[in-house]
Amino acid sequence: MLYTLMHSPWQCDIDTLLLLLEPQDDLLLLQDGVTAALLGSAMLEKLQNTAAKLWVLQDDVVARGLVAQISTSATCVDYTEFVALTAKHQQQIAW
């Protein structure tokens, strides 16, 4: 399953999302969701404790001026790689 987090993790029920994640899942942070991958944040620590693979959309990181502040534990992807993630998963849940 591909999960996409488009909202600030401080403005949604991130704990419920994290409970849903399985080892074969991918979690893509985009729009304001990229703030969940900020270095040293409590949200990043929660994300790192899940079995799912963590991705961030590079254009959204750049648009928010956060390039130097995003953890390297989240893999940056461009739109082509975003499309590849959606093709990999038959189902997607936007959060």
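An account of the accompanying structure is given in this report.

### A few points about the pattern of salt bridges
Argument step 1. All told, the structure shown has four salt bridges when counted by the stated rule.
Argument step 2. With a shortest N-O distance of 2.9 Å, D15 and K46 are connected by a salt bridge. With D15 in helix α1 (residues 14–20) and K46 in helix α2 (residues 42–48), the pair connects residues that are 31 residues apart, well separated along the chain.
Argument step 3. In this structure, D32 and R64 form a salt bridge, with 3.0 Å as the shortest nitrogen-oxygen distance. One end of the pair, D32, is in the loop between β2 (26–29) and α2; the other, R64, is in the loop between α3 (58–63) and β4 (75–77), with 32 residues separating them in the sequence.

### Focus on the environment of A52
Argument step 1. Here A52 lies in the loop between α2 and β3 (53–57).
Argument step 2. Its relative accessible area of 11% is what places A52 among the buried residues.
Argument step 3. Residues A52 and P23 lie 29 residues apart in sequence; the distance between their C-alpha atoms is 4.8 Å.
Argument step 4. A52 has contacts with L21, E22, P23 and D25, leaving out every residue within four places of it along the chain.

### Details of the side chain of D26
Argument step 1. Along the chain, D26 turns up in strand β2.
Argument step 2. One polar contact links D26 to W55, side chain to side chain, over a distance of 2.9 Å.
Argument step 3. Residues contacting D26, with those up to four places away along its chain left out, are M1, L2, Y3, K53, W55, L85, K88 and H89.

### Regarding unusual backbone geometry
Argument step 1. Its identity is not glycine, yet Q31 carries a phi of approximately 50°, on the positive side.
Argument step 2. Secondary-structure assignment places Q31 in the loop between β2 and α2.

### What about the sheet that holds β2?
Argument step 1. Taken together, the five strands give an open sheet; going across it, the order is β4-β3-β2-β1-β5, and neighbouring strands pair in parallel fashion. Each end of this open sheet is capped by a strand with a single partner; those strands are β4 and β5 (92–94). For this sheet, the mean inter-axis angle between neighbouring strands, taken without regard to orientation, is 25°.
Argument step 2. Both strand β1 (residues 2–5) and β2 contribute to a ladder of four bridges, which runs parallel. When the sheet's bridge partners are listed, T4 is paired in β2 with L28.

### Remarks on the packing of aromatic side chains
Argument step 1. Taken as a whole and judged by the stated rule, the model has zero aromatic pairs.
Argument step 2. Its end group placed over the ring of W55, K53 keeps NZ or CZ at 4.9 Å from the ring centre.

Conventions used here
- Residues numbered from 1 in each chain as written.
- Predicted model: local features only at pLDDT ≥ 70, side-chain atom pairs only at ≥ 80, totals over all residues.
- Heavy atoms only, no water.
- Salt bridge = Lys/Arg side-chain N within 4 Å of Asp/Glu carboxyl O.
- Helix = DSSP H or I, 4+ residues; strand = E, 2+ residues; numbered from the N terminus.
- Buried < 20%, exposed > 50% of the residue type's maximum accessible area, 1.4 Å probe, protein only.
- Contact = heavy atoms within 4.5 Å.
- Polar contact = N/O pair within 3.5 Å; in protein donor to acceptor, adjacent residues only side chain to side chain.
- Pairing = 2+ DSSP bridges.
- Axes fitted to C-alpha atoms, helices over the stretch in contact; angles between N-to-C directions.
- Phe/Tyr/Trp six-rings, centres within 6.5 Å; stacked < 30°, edge-to-face > 60°.
- Lys NZ or Arg CZ within 6 Å of the ring centre and 35° of its normal.

Function-wise, these values are silent; they only describe arrangement.
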